[in-house]
Amino acid sequence: MNKKACEEEERNENTQLNNPLKIIESPSGKIIDFYLINEIRNIQDYLDFLREVENAKNEDVVKVHINNYGGALDVAMNIYDVLQQSKASIQISVEGACASAASMIMLAGNEWFIYPHAWVMIHSFSGVEYGKWNEMKASHEFSARVTENRFRKLYKNFLTDEEIEDCLKGKDFYFDNEETLNRIQNYQADVLKKQKAIQEVTARYQEAINKEISAILTEDAVENPKPKRKKLVEEKD
């Protein structure tokens, strides 16, 4: 084997060893284990992970390990949305830094583990714009309106309303593991409250739907009774 082939094989082995995504099959369901450790930049870096999360079932578990300093806002929001829409249980494990865009992904869980030396940093978004003046102005106005609205909704009950407004004005917020855990507990209580309300509404409407379906089927049975079977009599020669 020549030197180039050896180097290529070594790279492939390292990729497999350091693959941030691992799928663990079990009789009770699938575990989708993912390490969010590199700068959040390109959505194509997460395609395999997002496909697994989208296809996950109720009995599956998604584990996201975070030690990350953030990155691209749109990519982080994409990951957050997919985790939020998943049927699986989402377990978020903050194991080191959880800064900037990574803190958004942290809030996509329904179960959290905060390591002793973990910390969280939240700040307002930053970016640059290029193009003609009217294009930059329109883009800025749109981004400001949409992103500020997202920010307020996303961090509600993790940050106070006053902290959210201060953050949007440029203040950075840092939380150690204990502060993060306390805030996550408040955030989780609100999430559970909303989930319970959704389940109650769903059950109420499902009961009404079942009654209407039953009425339709009953009415159809009365109007279109099943024809009686006729006995066939064989004629003998």
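Each remark here, short or long, concerns the structure printed above.
In what follows, the accompanying structure is described. (Residues numbered from 1 in each chain as written. Predicted model: local features only at pLDDT ≥ 70, side-chain atom pairs only at ≥ 80, totals over all residues. Heavy atoms only, no water.)

**Regarding the packing of helix α5 (residues 133-155) against helix α6 (residues 161-168)**
Next, step 1: Contact geometry for α5 and α6: axes closest at 10 Å, N-to-C directions at 145°. Once α5 is placed against α6, the crossing between them reads as right-handed. Contacts between α5 and α6 pair Glu-148, Phe-151, Arg-152 and Tyr-155 from the former with Ile-164, Glu-165, Cys-167 and Leu-168 from the latter.
Next, step 2: Here the contact of α5 with α6 is composed, by residue class, of five nonpolar, no polar and three charged. (Axes fitted to C-alpha atoms, helices over the stretch in contact; angles between N-to-C directions. Helix = DSSP H or I, 4+ residues; strand = E, 2+ residues; numbered from the N terminus. Left-handed = near helix turned anticlockwise from the far one by under 90°. Contact = heavy atoms within 4.5 Å. Nonpolar A, V, L, I, M, F, W, Y, C, P; charged D, E, K, R; others polar.)

**Considering the pairing of strand β5 (residues 111-114)**
Next, step 1: Residue alternation in β5 divides its side chains into a buried set, Trp-112 and Ile-114, and an unburied set, Glu-111 and Phe-113.
Next, step 2: Sheet topology note: the strand β4 (residues 89-99)/β5 ladder contains four bridges and is parallel. In the sheet register, Ser-93 faces β5, and the bridge partner there is Phe-113.
Next, step 3: On the question of chirality, the crossover connecting β4 to the parallel β5 by way of helix α4 (residues 101-106) is right-handed. (Buried < 20%, exposed > 50% of the residue type's maximum accessible area, 1.4 Å probe, protein only. Pairing = 2+ DSSP bridges. Right-handed = clockwise from strand over helix to strand, strands pointing away.)

**Things to note about the environment of Arg-41**
Next, step 1: Along the polypeptide, Arg-41 turns up in the loop between β2 (29-36) and α2 (47-55).
Next, step 2: When its relative accessible area of 54% is taken as the criterion, Arg-41 is described as exposed.
Next, step 3: The sequence separation of Arg-41 and Leu-73 amounts to 32 residues, and the corresponding C-alpha distance is 8.7 Å.
Next, step 4: Arg-41 has contacts with Tyr-46, Ala-72 and Val-75, leaving out every residue within four places of it along the chain.

**Brief notes about the side chain of Glu-163**
Next, step 1: Considering the arrangement of structural elements, one finds Glu-163 in helix α6.
Next, step 2: By relative accessible area, which is 15% here, Glu-163 ends up buried.
Next, step 3: Looking at Glu-163, its side chain comes within polar contact range of the main-chain nitrogen of Thr-160, at 2.9 Å.
Next, step 4: Setting aside its immediate chain neighbours within four residues, Glu-163 contacts Phe-173 and Arg-183. (Polar contact = N/O pair within 3.5 Å; in protein donor to acceptor, adjacent residues only side chain to side chain.)

**Some thoughts on the environment of Phe-125**
Next, step 1: Within the secondary structure, Phe-125 sits in the loop between β6 (119-122) and α5.
Next, step 2: The spatial distance from the C-alpha of Phe-125 to the C-alpha of Phe-151 is 9.2 Å, given a sequence separation of 26 residues.
Next, step 3: Each residue touching Phe-125, except ones within four places of it in the same chain, is listed here: Leu-73, Ser-143 and Thr-147.

**What about the packing of helix α3 (residues 73-85) against α5?**
Next, step 1: Contact pair α3 / α5: the axes reach a minimum separation of 13 Å and the direction vectors enclose 45°. What the angle tells us is that α3 and α5 run oblique. For the pair α3 and α5, the crossing hand works out as left-handed. On the side of α3, the interface is formed by Leu-73, Asp-74, Met-77 and Tyr-80, while α5 contributes Thr-147, Arg-150 and Leu-154.
Next, step 2: Among the residues making up the contact of α3 with α5, the classes are represented as four nonpolar, one polar and two charged. (Parallel < 35°, antiparallel > 145°, perpendicular 65-115°, else oblique.)

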